[in-house]
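Chain by chain, the residues run as shown.
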Amino acid sequence: MEWWIGEYGGGYGGGGRGDGGSRAREGPGLSSKTSCHYLLAEERVVQQRHQEQPPPQQQQQASTAAGGGTAQHPPGPSSSLEAPPDTSARRMSPAPAPLRLAADMVAATVSERIRSGGAAGLPLEAADRQGWAPSYAVANCYQDGSCGVGVHSDRLTSLGPAPIIASLSLGATRTFRLHLQQRVQLRGSRGANAGSTVDSTGPGGAAGSSSAAAAAADVARVDVELPHNSLCIMWPPCQEAWKHEIPKTTKPFPTHPSTGSTRYNLTFRRHKPEWEARAPLCRCGRRAVMKARQPKAALDGSPSCTLRYYYTCDSSKGPPCGFWQDGPSLAL
Ligand SMILES: O=C(O)CCC(=O)C(=O)O
Ligand SMILES: [Fe+2]
């Protein structure tokens, strides 16, 4: 694996994503030991277009989808420490053959889960219901317990609302920790939680996966151990209702005969250029980022039946200009 995951060289432990936002960066938006690979030729075309053309001037436009117009709200929830896999900040290389093979297997697993009703009641996009296929993959390498990724949700600007993200773990076993942000009432479900939004399937893709979050319907934090060859599917609305992290640890954890204390993670995602194009430009001229709105009383009030989004300045690219614009909403 190392021959391609280590592409950007260097370490990702010390100043990594776990350190309150001061991520070590080597390329645009990518930390060392993280690399980004396109699986579809279209993705490469979109990427090239991004590099060649400045975004369209749409600064004064009203909000995009179902949301209202520009509002004078204060900024939303304090900006989370977000992971880099936002394709607007990507430097992608083509996926090597083993990664394509893994992507095909992951796509088949996720699609079969959808086809057999395992994702019933979840807010899947119509296209995803027909079968899900990722367009790119992000590879992370955690050399040992000193490496982690801080609490974040994955960027929605280029993934669109309610994305499916499938995460394959290889090597050492590390803890994947989820933090509940808002309770969501899913259609047809009785519980007031995004209960079944994370589905971790054990080694070999064994059936009878453990749905850790479902078992913990009323807790605000869930730990899922991710052993070698496990697939963790972050079903929607996982990115909206939860944040996640791989905590650094000084405690012993299960190593792997081939990789020792090193864990590799491959997340498979589908880029939705149509959503990325909808993001307005903020006052400082950068493309705004789309985030999920979390109601103030999210954790004590009644569950939300609607996912709401807003656009704000991308603070990962420099001092925020204070831009805020209402975004789309998605009834569950
Ligand atoms: O390593 C993992 O399991 C999670 C990685 C992650 O959250 C990310 O790349 O956004
Ligand atoms: Fe993430």
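Before reading further, recall that the structure is shown in the block above.
All values reported here derive from a predicted model rather than from experimental measurement.

### What about the overall build of the protein chain?
Tallying secondary structure elements over the protein chain gives seven helices and 14 strands in all. Scored against the burial criterion, the 332 residues of the protein chain give a buried share of 52%. Within the protein chain, contacts between residues at least 6 apart in sequence are counted, and of these 80% link residues at least 24 apart. Surface exposure of the protein chain reaches about 13900 Å², of which carbon and sulfur atoms provide 53%.

### Notes on the coordination of the iron ion (ligand 2)
Taken together, His152 (NE2), Asp154 (OD) and His244 (NE2) make up the protein donors of the iron ion (ligand 2), found 2.1 to 2.2 Å from the metal. Classification of His152 as buried rests on a relative accessible area of 3%. Its relative accessible area of 2% is what places Asp154 among the buried residues.

### A short note on the site of ligand 1
Residues in contact with ligand 1 amount to twelve residues; listed here are only the nearest, Asn140, Tyr142, Asp154, His244 and Arg263. Between ligand 1 and the protein, one listed contact pairs an oxygen atom with a side-chain N or O atom of Asn140 at 2.8 Å. Between ligand 1 and the protein, one listed contact pairs an oxygen atom with a side-chain N or O atom of Tyr142 at 2.5 Å. When ligand 1 sits alone it has 290 Å² of accessible area, and the protein chains cover 100% of it. For the shell around ligand 1, the element with the highest residue contribution is strand 11 (residues 263-269), accounting for three residues. Classifying every residue of the shell around ligand 1 gives three nonpolar, five polar and four charged.

### Remarks on the sheet that holds strand 14 (residues 324-331)
One open sheet holds the three strands; their spatial order is 12-13-14, and the pairing between them is antiparallel. Every interior strand has two partners, whereas the edge strands, strand 12 (289-292) and strand 14, have only one. Ignoring strand direction, the axes of neighbouring strands in this sheet form an average angle of 25°. Here four bridges tie strand 12 to strand 13 (residues 306-312), and the two strands are oriented antiparallel to one another. Residue pairing across strands places Lys291 opposite Tyr310, the latter belonging to strand 13.

### Concerning the sheet that holds strand 6 (residues 174-180)
Spatially, the four strands line up as an open sheet ordered 4-10-6-8, and their pairing is antiparallel. Each edge of the open sheet carries a strand with a single partner, namely strand 4 (149-152) and strand 8 (221-226). When strand polarity is set aside, the average angle formed by the axes of neighbouring strands in this sheet is 15°.

Definitions and cut-offs
- Residues numbered from 1 in each chain as written.
- Chains lettered and ligands numbered in written order.
- Predicted model: local features only at pLDDT ≥ 70, side-chain atom pairs only at ≥ 80, totals over all residues.
- Heavy atoms only, no water.
- Helix = DSSP H or I, 4+ residues; strand = E, 2+ residues; numbered from the N terminus.
- Buried < 20%, exposed > 50% of the residue type's maximum accessible area, 1.4 Å probe, protein only.
- Contact = heavy atoms within 4.5 Å.
- Areas by Shrake-Rupley, 256 points an atom, 1.4 Å probe, with all protein chains shown as cover.
- Donors = N, O, S within 2.8 Å, 3.2 Å for Na, K, Ca; no water.
- Near = heavy atom within 4 Å.
- Polar contact = N/O pair within 3.5 Å; in protein donor to acceptor, adjacent residues only side chain to side chain.
- Nonpolar A, V, L, I, M, F, W, Y, C, P; charged D, E, K, R; others polar.
- Pairing = 2+ DSSP bridges.
- Axes fitted to C-alpha atoms, helices over the stretch in contact; angles between N-to-C directions.

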